[in-house]
There are 2 protein chains.
Amino acid sequence: MPFRLSMPRKPPTGSEFDTVIIGAGPAGMSAALYAARLGLKSIIIGEEIGGALTEAGEVDDYPGLIGVQGPDLAKKFEQHIRKYRVPIVRDKVVRVEKGSSFKVTLMGGETYVSKTVIVAVGSRRRKLGVPGENEFSGKGVTYCAPCDAPLFKGKVTAVVGGGNAALQAALLMTVYSPKVYLIHRRDEFRAFPVYIKKVRSDPRIELVLNAEVRRIGGSKSVEWVDVLRKDIGEEFRLSVEGVIIEIGSEPPKDFLKSMGLRLDEKGYVVVGPGQETNIDGVFAAGDCTAGPHKKKFDQVVTAVAEGAVAALSAYEYVTLGKGLPAEELQY
Amino acid sequence: MPFRLSMPRKPPTGSEFDTVIIGAGPAGMSAALYAARLGLKSIIIGEEIGGALTEAGEVDDYPGLIGVQGPDLAKKFEQHIRKYRVPIVRDKVVRVEKGSSFKVTLMGGETYVSKTVIVAVGSRRRKLGVPGENEFSGKGVTYCAPCDAPLFKGKVTAVVGGGNAALQAALLMTVYSPKVYLIHRRDEFRAFPVYIKKVRSDPRIELVLNAEVRRIGGSKSVEWVDVLRKDIGEEFRLSVEGVIIEIGSEPPKDFLKSMGLRLDEKGYVVVGPGQETNIDGVFAAGDCTAGPHKKKFDQVVTAVAEGAVAALSAYEYVTLGKGLPAEELQY
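Residues numbered from 1 in each chain as written. Chains lettered and ligands numbered in written order. Predicted model: local features only at pLDDT ≥ 70, side-chain atom pairs only at ≥ 80, totals over all residues. Heavy atoms only, no water.

Trainee: Help me get a handle on the relation of the copies chain A and chain B, residues and values and all.
Mentor: Note on the copies: chain A fits chain B at an RMSD of 0.1 Å, the axial shift is 0.0 Å, and the rotation between them is 180°. Expressed as an axis order, the relation between the two copies is that of a two-fold axis. Considering only C-alpha atoms, the residue of chain A closest to the rotation axis is A:His293, which sits at 2.5 Å. When the interface residues of chain A are mapped onto chain B, 100% of them again fall at the interface, so both copies present the same face. (Least-squares fit on C-alpha atoms with pLDDT ≥ 70 in both. Contact = heavy atoms within 4.5 Å.)

Trainee: Any details on the domain arrangement of chain A? Residues and values, ideally.
Mentor: All names here are of chain A. Looking at the assigned domains, one finds that chain A contains domain 1 (16–124 + 249–328) and domain 2 (141–245). Placing the centre of domain 1 and that of domain 2 at their C-alpha centroids yields a distance of 33 Å. Contacts between the two partners involve four residues from domain 1, matched on the other side by five residues from domain 2. Here domain 1 and domain 2 share an interface that buries about 250 Å² over both sides, 51% of which is from carbon and sulfur atoms. Counting the contacts that link domain 1 with domain 2 gives zero salt bridges. Where domain 1 touches domain 2, the interface holds zero residue pairs in polar contact (both at pLDDT 80 or more). (Domains from an automatic or database assignment. Buried area = accessible area lost by both parts, 1.4 Å probe. Salt bridge = Lys/Arg side-chain N within 4 Å of Asp/Glu carboxyl O. Polar contact = N/O pair within 3.5 Å; in protein donor to acceptor, adjacent residues only side chain to side chain.)

Trainee: Can you tell me about the confidence of the model for chain A, naming the residues and giving the values?
Mentor: Residues and elements named next belong to chain A. Per-residue pLDDT for chain A has a mean of 92; in total, 94% of the residues score no lower than 70. The low-confidence segment residues 323–331 (pLDDT under 50) makes 23 contacts with residues lying over four places distant or belonging to another chain. Reported for the predicted complex are a pTM of 0.89 and an ipTM of 0.88. (pLDDT = per-residue confidence, 0-100.)

Trainee: Describe in detail helix H5 (residues 193–201) of chain B, supporting the description with residues and values.
Mentor: When we look at burial in H5(B), the residues that qualify are B:Tyr195, B:Ile196 and B:Val199. Taken down its axis, H5(B) places every buried residue within 100° of arc, on the same side. More than 90 degrees from the buried face of H5(B), the exposed residues found are B:Pro193, B:Lys197 and B:Ser201. Where H5(B) is buried, its residues meet helix H7 (300–320) of chain A together with helix H4 (164–173), strand E12 (180–183) and strand E13 (205–208) of chain B. (Buried < 20%, exposed > 50% of the residue type's maximum accessible area, 1.4 Å probe, protein only. Helix = DSSP H or I, 4+ residues; strand = E, 2+ residues; numbered from the N terminus. Arc of directions from axis to C-beta.)

Trainee: A description of the sheet that holds strand E11 (residues 157–160) of chain B should follow, citing residues and the corresponding values.
Mentor: Residue and element names in this part refer to chain B. Strand order in this open sheet of five strands is E10-E17-E11-E12-E13, and the pairing throughout is parallel. Every interior strand has two partners, whereas the edge strands, strand E10 (141–142) and E13, have only one. Docked against the sheet, H4 engages E11, E12, E13 and strand E17 (242–245), running at close to 165° with respect to E11. (Pairing = 2+ DSSP bridges. Axes fitted to C-alpha atoms, helices over the stretch in contact; angles between N-to-C directions.)

Trainee: With reference to specific residues and values, describe the sheet that holds strand E15 (residues 222–229) of chain B.
Mentor: All names here are of chain B. Strand order in this open sheet of three strands is E14-E15-E16, and the pairing throughout is antiparallel. Sheet topology places strand E14 (211–218) and strand E16 (234–239) at the edges, where each strand pairs with a single neighbour. The mean inter-strand angle of the sheet, taken between neighbouring strand axes irrespective of direction, is 25°. As judged from the six bridges shared by E15 and E16, these two strands associate in the antiparallel manner. Bridge pairing in E16 links tryptophan 224 to serine 239.

Trainee: Go over the interface of chain A and chain B with me, naming the residues and quoting the values.
Mentor: On the chain B side, the residues contacting the 60 residues of chain A number 60 residues. For the pair chain A and chain B, the summed buried surface comes to about 5,900 Å²; carbon and sulfur atoms form 60% of the total. Here A:Glu316 and B:Lys295 are joined by a salt bridge, their closest N and O atoms 2.7 Å apart. For the pair chain A and chain B, the number of links is 31 residue pairs in polar contact (both at pLDDT 80 or more).

Trainee: So what's going on with unusual backbone geometry? Which residues, and what values?
Mentor: A negative phi angle characterises most non-glycine residues, just as the trans form characterises most peptide bonds. Residues and elements named next belong to chain A. Although it is not a glycine, arginine 85 adopts a positive phi angle of roughly 55°. For arginine 85, the position within the fold is in the loop between helix H2 (70–83) and strand E5 (88–90). Note on arginine 85: relative accessible area 73%, which makes it exposed.

Trainee: Account for the packing of aromatic side chains, with residues named and values stated.
Mentor: On inspection of all chains with the given rule, the structure shows eleven aromatic pairs over all chains. Aromatic side chains A:Phe297 and B:Tyr34 sit 5.8 Å apart centroid to centroid with 70° between the ring planes, which places their arrangement in the edge-to-face category. One end of the pair, A:Phe297, is in the loop between strand E21 (289–290) and H7; the other, B:Tyr34, is in helix H1 (residues 26–37), on a second chain. By the burial criterion, A:Phe297 is buried, and B:Tyr34 matches it. Taking 6.2 Å as the distance between ring centres and 75° as the angle between the ring planes, the aromatic pair formed by B:Phe283 and B:Tyr317 counts as edge-to-face. Of this pair, B:Phe283 sits in strand E20 (residues 282–284) while B:Tyr317 is found in helix H7 (residues 300–320), placing the two residues 34 residues apart along the sequence. For the pair B:Phe283 and B:Tyr317, a shared accessibility class is recorded, and that class is buried. In textbook terms, an aromatic cluster arises when at least three aromatic residues are bridged by ring pairs, as seen for A:Tyr62, A:Phe77, B:Tyr62 and B:Phe77. A cation sits over an aromatic face here: A:Arg237 above A:Trp224, 3.4 Å from the ring centre. Positioned over the ring face of B:Tyr268 is B:Lys296, at 4.1 Å from the centre of the ring. (Phe/Tyr/Trp six-rings, centres within 6.5 Å; stacked < 30°, edge-to-face > 60°. Lys NZ or Arg CZ within 6 Å of the ring centre and 35° of its normal.)

Trainee: Describe the packing of H1(B) against helix H2 (residues 70–83) of chain B, with residues and values.
Mentor: Residues and elements named next belong to chain B. As a packed pair, H1 and H2 sit with axes 9 Å apart at the nearest point and diverge in direction by 20°. Relative to H2, the element H1 lies roughly parallel. The element H1 and its partner H2 pack so that their crossing is left-handed. Counting all contacts with H1, which are made through Pro26, Met29, Ala32 and Leu33, the residues of H2 involved are Ala74, Phe77, Glu78, His80 and Ile81. (Parallel < 35°, antiparallel > 145°, perpendicular 65-115°, else oblique. Left-handed = near helix turned anticlockwise from the far one by under 90°.)

Trainee: Tell me about the pattern of salt bridges, and name the residues and values.
Mentor: Here the structure, examined in full by the defined rule, presents 44 salt bridges over all chains. Put simply, A:Lys83 and B:Asp60 hold a salt bridge, and the shortest N to O gap is 2.8 Å. Highlighted residues: A:Lys83 in helix H2 and B:Asp60 in the loop between strand E3 (58–59) and strand E4 (68–69), drawn from two different chains. Under the relative-accessibility criterion, A:Lys83 is labelled partly exposed at 42%. With a shortest N-O distance of 2.9 Å, A:Asp202 and A:Arg204 are connected by a salt bridge. By sharing partners, the salt bridges in this structure join A:Arg215, A:Asp226, A:Glu235 and A:Arg237 into a single network.

Trainee: Residue-level account of the environment of B:Lys253, with values.
Mentor: Residue and element names in this part refer to chain B. Locating lysine 253 in the fold gives a position in helix H6 (residues 253–258). A relative accessible area of 33% means that lysine 253 is categorised as partly exposed. A C-alpha to C-alpha distance of 9.2 Å links lysine 253 and cysteine 288, two positions 35 residues apart in sequence. Setting aside anything within four residues of it in sequence, one finds lysine 253 in contact with Leu263, Lys266 and Gly267.

Trainee: Tell me about the state of the cysteines, and please be specific about residues and values.
Mentor: All names here are of chain A. Inspection of every chain in the model, using the stated rule, returns two disulfides over all chains. Each sulfur in the disulfide pair cysteine 144 and cysteine 147 lies 2.1 Å from the other. Between cysteine 144 and cysteine 147, the S-S torsion sits near 65°, and that sign places the bridge as right-handed. For the unlinked cysteine cysteine 288, the closest cysteine sulfur is that of cysteine 144, found at 17 Å. Among the residues examined, cysteine 288 registers a relative accessible area of 0% and is labelled buried. (Disulfide = S-S within 2.5 Å.)

As structure tokens, this is what we get:
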């Protein structure tokens, strides 16, 4: 269900801010809430209000809100920051330039000036691109095993992928599923030996190797997945009620690179403990971030916490300047 | 308002768990939610269900729940984990011993056996110990400037303390308060020079040095604070509507030490990116933790996120063993 609160007019070009938040998902909206409470003049610019939540089904791991629908949770976040009158602009940031302050240019043509920038642009789960995948998304097809595993209690499922995340997902699914197919297009996994050993020795996991998913189908929700065994050239239909696709995710690398941000090998923004990046005055939060200081676990709760910390760091930067190393800026 | 949901019977002594969670505040309850969803057999043991939330007034910085009362938020968390049938036991853990697994002994005498332990025991804000302090707690007296600053919009306030947290609090209060007294018992601050310079040069901040708070008073909420100027031996009454006490906080050091946990110089448990501690199989989350991998910002959102990450780490420990270094256990 799409929703829309009344949008404020876009601030006029040339408007000045303490912080411009790029991205309107959980991380960006939490950053806005905290920034506003810390007295920063803030604005959110996002392409999709709600970010990844707009595509989520039931979210039951945001403590305190039992079984809320993704878009409804996004709406609650939005209402919360509207209380603090933070403008939310639906547009795309095309360019961020650093001078004595930051100049942020929107696709719509406006340019804003800001002392700090908080990057919370998220990442997109990679898709298989097969028939039925989009149709059954949230109806048995999921891209996040830890988020949705409990929904598949007692149901046969298939996990697609061959890396660490896929193998971890298969192992997690065995907690709920009586049988888990692990479908991988190669005949070897690219994962840590401990995971490979575990999935190979678990009788609840059936390996389907050299296999390509061709289509996902069912009536109201997923009932089967068709796979092509490439080594023998035959197609099989597996009866499953869930397809967990774990073939990686992609932050918007090109945009992040264009800002001059330091990225890790997968394209995530490398952040420190205060969500600081390699650029003075730029902070990042949520799914688009990674690095040695955080264990990557892309959840609504972790995005929201990182948004809060990024806002605090931006507040300190605006009020105290950049003279102190991060470890000395601790409450 | 105290609340009580029906408590389950305590599991019998000798019961075995995948994870025992010590502490029933936001971090512990979030850890329980995630542990349950990850299929771990879990239990929470806490002295106060809700932890620091039980003493909080309005919480308006938990995104999605606008202006919720602290105890009500605690109740929502509790209801959420009861959905997953995690037992919550109201008792005190007196001892944790490590053998091939952990033996957790309660004050009530029961002993539980667990593969992992998640420590989420929180920390207590230090109190002044003066008349009126408890009476007006949540009615103008607060121990967390970033949490409550917006409540004091347009109101004269006093910040008590002389360290970094107090000076940061005074600077933050100037966003909302037309005038901020900064009351400190010494005549010099123990804080970073940048903070000292800022508070000394801010015309909205009036320093009240060599001064001891004697009592806090008012009718329904705070109206004044009495301070004794020790250098001149005179007592003054300052008209304020808020008293922000920032004189540090204390985790339960003795208990943490008895577990063999590595603590920092202030007594907080040092954690890594996965909330792991120096003890294999023991994870920690929330206000009782610190360390170089986190920026310490004790908020409900950060506690909840750390609880989730701790649960994931415990899940990995239980299912995969301890063979992999933390940085290789990333989703």
